[in-house]
Every structure is written in C-alpha cells, then in structure tokens.
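Below are the chains, spelled out letter by letter.
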Amino acid sequence: SYMMLSDLKLSFIKSIDDRLVYMKIAKNIINENGLFGIGSGQFVIEMKDYANEALLDWQFQPVHNIFILILSELGMIGLSLFIWFAWKLFRVEHGEQKSNIECSSWNNSKCDVYGKMPIENVPRETINFKNNLSTTLKAVIAGLLVISLFDHYLWDIQQGQFLLWTVFGYLVGSKIRN
C-alpha cells in the first residue's frame, strides 16, 4: 500500500516536472518570437532549439495549455485574434433580419415559395429553443476553454480541432435567424 502510494506520488510529480519543461520551452520561444511566433504547428518541431537540456524522444509534445501554445506558435497577434474571436462568440447577440430584402436563396425565411413563415410568425418556442441552444453551446465552449488551460488537444490534434471549431460554428449558426 505504501509502495503504491509512493509510486502514485512520483508519477504525479513527474507529470508536473514534464509540464514545467514544456512551459520553459514555451517561455523561451515567446521571449524570442513574441510578436509573430514560430509558425502554426511548429512547436514540437522547433522545441529542441529552445530547450535548456536534451529532450528524450517521448518529450516531443506541445505545451499543455492552448493559450500558451497559440502565443508560442502565432505570437501576440495570433493569440489576440483567437481571444477576440472567442470573446465575440459570447458577446454577439442574435442578428436582426431586415424586412426590406427581396426574396432570395439567402433569406428564404421571407419567401412563400419555400413554404416558410416570416420570422414574425415563428412560434415563440422556436426562438426560445435557439436561445437555449446558444446558451448551451456557450457553456460547452466555456468548458472546452477551461480544459484548454490544461491540455493541447483542442488546438493541435485533428479530432480536438474538429470538436472545437464545430462547436464554435454551431454557436455562430445558433445566432442566425432563419
């Protein structure tokens, strides 16, 4: 029992030590390339040049915080754009549809041809559903952004990118009135 507890403690400390190595590498990258970064997807490729010690093969992985990873790879400009975009997702309200636009494929909610009601006749439950969907998606994104403080998979692994940008896209889509 004591041996198992000791092993658990050692593995926990080892994990923290490894993450500190990645943070030091990220700090060195940011100090030298703060404005523009080193390029998207280049952290792992370039990390050996910014490490204070020789890295083992298994240590070649990104820093475990996407905000620091974005800052390292895309610089202050890229991080600022990402934060601005995320902030806009939370701040933009539902769009207003103009009533003076002629019927087209882009605003078919006003067209009788498509068998849809004008937005003024849409049942209130539908609008409430869209508001609830938007609120739910914001909560999901908030959760993903919290996870992003401790892991990198939403930024540099294909499945994580798909998850992050799909949820972002759904939130943007939930703000558009049909």
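Sequence order as written defines the numbering, with residues in each chain counted from 1. Only residues with pLDDT of at least 70 get local features here, since the model is predicted, and only at 80 or more are side-chain atom pairs given and counted; chain-wide, interface and lining totals rely on the full set of residues. Excluded from the side-chain calculation are hydrogens and water; included are all heavy atoms of the structure.

Colleague: Mind laying out the nonpolar core, listing which residues take part and the relevant values?
Modeller: If you look at the biggest cluster of nonpolar residues, it comprises 30 residues, and the most contacted ones within it are Ile-25, Phe-43, Val-63, Phe-82 and Ile-141. Here a helix means four or more residues in a row that DSSP labels H or I, a strand means two or more in a row labelled E, and each is numbered from the N terminus. Looking at this core, the elements that each hand over two or more residues are helix H1 (2-33), helix H2 (43-50), helix H3 (66-91), helix H4 (124-148), helix H5 (153-156) and helix H6 (158-174). Top contributing element to this core by residue count: H3, with 8 residues. Residue contacts are counted whenever heavy atoms from the two residues lie within 4.5 Å of one another. When neighbours within four sequence positions are excluded, Ile-25 is seen to be in contact with Phe-43, Met-47, Tyr-50, Ala-51 and Leu-55. Side-chain atoms within 4.5 Å link the members of a nonpolar core, which is a set of buried Ala, Val, Leu, Ile, Met, Phe, Trp, Tyr and Cys residues. Between buried and exposed lies partly exposed: a residue is buried under 20% and exposed over 50% of the maximum accessible area for its type, with that area taken using a 1.4 Å probe on protein chains only.

Colleague: So what's going on with a nonpolar patch on the surface? Residues and values would help.
Modeller: Here the term patch refers to residues with relative accessible area over 30% and no salt bridge, with like charges joined within 9 Å and nonpolar side chains (Val, Leu, Ile, Met, Phe, Trp, Tyr) within 5 Å. Surface exposure here means Shrake-Rupley accessible area, sampled with a 1.4 Å probe, where a residue is shielded only by the protein chains that are shown. Definition used for salt bridges: Asp or Glu carboxyl oxygen within 4 Å of a side-chain nitrogen of Lys or Arg. A cluster of nonpolar side chains, contributed by Leu-35, Phe-36, Met-76, Ile-77, Leu-81, Trp-84 and Trp-87, occupies part of the molecular surface with about 780 Å² of accessible area. Residue placement: Leu-81 occurs in helix H3. Owing to a relative accessible area of 54%, Leu-81 belongs among the exposed residues under this scheme.

Colleague: Go over the packing of H3 against H6, please, and point to the residues and values.
Modeller: In this description, a line fitted to the C-alpha atoms serves as the axis of each element, helices being fitted only across the stretch in contact, and the angle between N-to-C directions of two axes falls anywhere from 0 to 180 degrees. The interhelical angle for the contact between H3 and H6, taken along N-to-C directions, is 45°, at an axis separation of 10 Å. Classified by the angle their axes make, H3 and H6 are oblique. Counted together, Phe-82, Phe-85 and Leu-89 of H3 and Leu-164, Trp-165, Phe-168, Leu-171 and Val-172 of H6 form the full contact between these two elements. Classifying every residue of the contact of H3 with H6 by side-chain character gives 8 nonpolar, no polar and no charged. Each angle is binned into one of four classes, with values under 35 degrees roughly parallel, values over 145 roughly antiparallel, values of 65 to 115 roughly perpendicular, and all other values oblique. Nonpolar residues are Ala, Val, Leu, Ile, Met, Phe, Trp, Tyr, Cys and Pro. Charged residues are Asp, Glu, Lys and Arg, and all others, Gly as well, are polar.

Colleague: I'd like a description of the pattern of salt bridges, backed by residues and values.
Modeller: Summed over the entire model, instances satisfying the criterion amount to 1 salt bridge. Salt-bridge contacts for Lys-14 lead to Asp-18; the nearest nitrogen and oxygen are separated by 3.2 Å. On the criterion of helical spacing, the pair formed by Lys-14 and Asp-18 is a turn pair, its members being 4 residues apart in helix H1.

Colleague: Provide a residue-level description of the side chain of Gln-59, including the pertinent values.
Modeller: Within the secondary structure, Gln-59 is located in the loop between H2 and H3. The definition of a polar contact used here is a pair of N or O atoms within 3.5 Å, where within protein one atom must be able to donate a hydrogen and the other to accept one, and adjacent residues in sequence count solely through side-chain atom pairs. Within the structure, Gln-59 has its side chain in polar contact with the backbone nitrogen of Leu-56 (distance 2.8 Å). Excluding anything up to four places from it in sequence, Gln-59 contacts Asp-18, Tyr-22, Met-47 and Ala-54.

Colleague: Could you give an account of the environment of Leu-35, with specific residues and numbers?
Modeller: For Leu-35, the location among the structural elements is in the loop between H1 and H2. Relative accessible area serves as the criterion here: at 46%, Leu-35 is assigned to the partly exposed category. The spatial distance from the C-alpha of Leu-35 to the C-alpha of Leu-74 is 7.8 Å, given a sequence separation of 39 residues. Beyond its immediate stretch of four places on either side in the chain, Leu-35 contacts Leu-74, Gly-75, Met-76 and Ile-77.

Colleague: Residue-level account of H3, with values.
Modeller: To estimate how far a helix should extend, the number of its residues minus one is multiplied by 1.5 Å. Spanning 26 residues, H3 covers only 22 Å between terminal C-alpha atoms, well under the ideal 38 Å at 1.5 Å per step. A maximum bend of about 130° is found in H3 at Leu-74. Of the residues flanking the start of H3, the one acting as N-cap is Asn-65, its side-chain oxygen 2.9 Å from the backbone nitrogen of Phe-67. Here the bend at a residue is taken as the angle between two axes, fitted respectively to the seven residues that end there and the seven that start there.

Colleague: Help me get a handle on the packing of aromatic side chains, residues and values and all.
Modeller: Within 6.5 Å between ring centres, the rings of Phe, Tyr and Trp (the latter by its six-membered ring) count as paired, and their orientation is classed by plane angle as stacked under 30 degrees, edge-to-face over 60, tilted in between. Tallied over the entire structure, the rule returns 7 aromatic pairs. When the centroid spacing of 5.5 Å and the interplanar angle of 65° are considered together, the rings of Phe-85 and Phe-168 count as edge-to-face. Taken together, the positions of Phe-85 in helix H3 and Phe-168 in helix H6 put the pair 83 residues apart, joining distant regions of the chain. Residue Phe-168 is classed as buried on the basis of its relative accessible area of 1%. Put simply, the rings of Phe-67, Phe-82, Phe-85, Trp-155, Trp-165 and Phe-168 touch in pairs and so form one group of aromatic residues.

The values reported here are purely geometric and, on their own, carry no functional implication.
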